[in-house]
Amino acid sequence: MVNEDETTDSGRTVVVTGGALGIGGAASRRFAELGDHVLLLDRDRAAAERTGTEITAAGGRCTIVVGDITEDATVASLGATIDEVAGGRVDVLVNNVGDFRPAKAVFHKSGPEQWARLHQLNLWHVFTVTHLVLPGMIGQGSGAIVNVSTVEAYRGIPGNAVYSAYKAGVSAFTKSLAVELGPSGIRVNAIAPDLADTDQTPAAAMLEGRDASLVRSWVPLGRFGRAEDNADVIAFLASDDARFITGHTIPVDGGTLAASGWYGRTTQRGWTNRPDGA
Ligand SMILES: NC(=O)c1ccc[n+]([C@@H]2O[C@H](COP(=O)([O-])OP(=O)(O)OC[C@H]3O[C@@H](n4cnc5c(N)ncnc54)[C@H](O)[C@@H]3O)[C@@H](O)[C@H]2O)c1
C-alpha cells in the first residue's frame, strides 16, 4: 500500500505513554520540537503538567492525559482524548511505560502477585494501547509504533527474570506485529536501552561508593546513557528516515551488548574477558 501520510514528519499526532519523565519525557520534548502534537499520558499529574508547560512554553503542542496505563479506564480516557483533540488520528505511538522495580527478589522467592503486576506494567498495556490505536492507523494506511524494551530482553538480569521475560515479549510482539502490519503501511520497532540516568535507575545510585571512572570498564562508549540518547532513537524510528525499518529492537546501550563478557582493563590498556580485570 502506498504510504502517502509518511512523506512528512511534522504536524503528526504522537502518543507517548509515561511521557512526563525519563525516556518518555525526553521523547515528548523531542517530538514537540519536531512540530508534532504530543498526547502525553502519565500517572504523575504534577510531572505531566511540568513537562506539558515546558513544551508549550517552548512553542510546542501538548495535551495531557492523567492516569495509570495499566487500568482500562485510563486507556478509554486516552481513546476519548484522541477522538476529541486529534479527530481519532494517531501517527506515532510510543509504548514507553515499563518498570522492573516491583520484583526485587530472586525468582523462587517471588510470587504470582508480583508477576501479575510486572505483566501489567511491562507487557499488557503495550497490547491494550496498541489495540486502541490500530484501527485508526489501519484506516489511514500509515503509522509508526515504537515500543520500549531493554537490553535485558537479550542479556540475563539476575533478580529480574520475570521483568526480562515480559520485555523479551515486547520485542517478540514488535517483530510479529511488524510482519502483520507491513502491508497496512504501519511500521513497528522498539528500542532496548541499557542503564539510562533516570528516576527509575539513577546513575548516582549505581555509582554510590564506586569509582566513577570505572564506568568505561563496562560501557565501551564510556558513560551511562541519558534519556535523550533513547529519545533521539525513538524519534528516528518514528520518522520517515526509518521508512524501510520494521520489526527491529535497536539497542541504545553504548556498546554493552556487543561487549558482553568483556571488561575494560582498569589500567586502561585494552580489554579483557577475565572478570578480575587482569
Ligand atoms: N532507565 C533505564 O536504565 C532503562 C533501561 C532499560 C529499559 N528501560 C525502559 O525504558 C522505559 C522508561 O524508563 P525510565 O527509566 O524513563 O522510567 P522512569 O520511571 O524514570 O519514568 C517513567 C515515566 O512513566 C510514568 N509511569 C510509570 N508507570 C506508569 C503507569 N503505570 N501509567 C502511566 N504512567 C506511568 C512515570 O510517572 C514517569 O513519568 C521503561 O519501559 C523501562 O523499562 C529503562
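Residues numbered from 1 in each chain as written. Predicted model: local features only at pLDDT ≥ 70, side-chain atom pairs only at ≥ 80, totals over all residues.

Caption draft 1: Looking closely at the sheet that holds strand β5 (residues 143-148). Taking strand neighbours across the sheet as the criterion, the seven strands line up as β3-β2-β1-β4-β5-β6-β7 in an open arrangement whose pairing is parallel. Since the sheet does not close on itself, it has two edges, and those belong to β3 (61-66) and β7 (249-252), each with one partner. For this sheet, the mean angle separating the axes of adjacent strands, direction not counted, is 20 degrees. In terms of strand pairing, strand β6 (residues 186-193) meets β7 through four bridges, oriented parallel. In the strand pairing of β7, A190 is matched with T249. The sheet contacts of helix α5 (residues 161-181) involve β5, β6 and β7, and relative to β6 the element is tilted by about 165 degrees. (Pairing = 2+ DSSP bridges. Helix = DSSP H or I, 4+ residues; strand = E, 2+ residues; numbered from the N terminus. Axes fitted to C-alpha atoms, helices over the stretch in contact; angles between N-to-C directions. Contact = placed C-beta atoms within 7 Å.)

Caption draft 2: View of helix α4 (residues 112-140). For α4, with 29 residues, the first-to-last C-alpha span of 40 Å sits near the 42 Å given by 1.5 Å per residue. A bend of about 50 degrees at Q120 is the largest found in α4. Within α4, the full set of buried residues consists of L118, L121, N122, L123, H125, V126, V129, V133 and M137. Structurally, α4 contributes buried residues whose contacts are with β1 (13-17), α3 (72-86), β4 (92-95), β5, α5 and β6. (Expected span 1.5 Å × (residues − 1). Bend = angle between axes of the 7 residues up to and from the residue. Buried ≥ 20, exposed ≤ 12 C-beta atoms within 10 Å, placed from the backbone.)

Caption draft 3: Representation of the site of the ligand within the structure. Taken together, 27 residues lie around the ligand, and G18, G22, G98, T198 and Q200 are the ones closest in. In terms of residues, the shell around the ligand owes the most to one element, helix α1 (residues 22-33), which gives three residues. (Near = placed C-beta within 6 Å.)

Caption draft 4: View of the packing of α1 against helix α7 (residues 227-238). Viewed as axis vectors pointing N to C, α1 and α7 meet at an angle of 50 degrees, and their least axial separation amounts to 8 Å. Here α1 lies oblique to α7, going by the angle between them. Considering only the axes of α1 and α7, their crossing is right-handed. Two secondary-structure elements touch here, α1 through G22, I23, G25, A26, A27, R30 and F31 and α7 through A227, E228, N230, A231, D232, I234 and A235. When grouped by side-chain class, the residues that make up the contact of α1 with α7 number eight nonpolar, three polar and three charged. (Parallel < 35°, antiparallel > 145°, perpendicular 65-115°, else oblique. Left-handed = near helix turned anticlockwise from the far one by under 90°. Nonpolar A, V, L, I, M, F, W, Y, C, P; charged D, E, K, R; others polar.)

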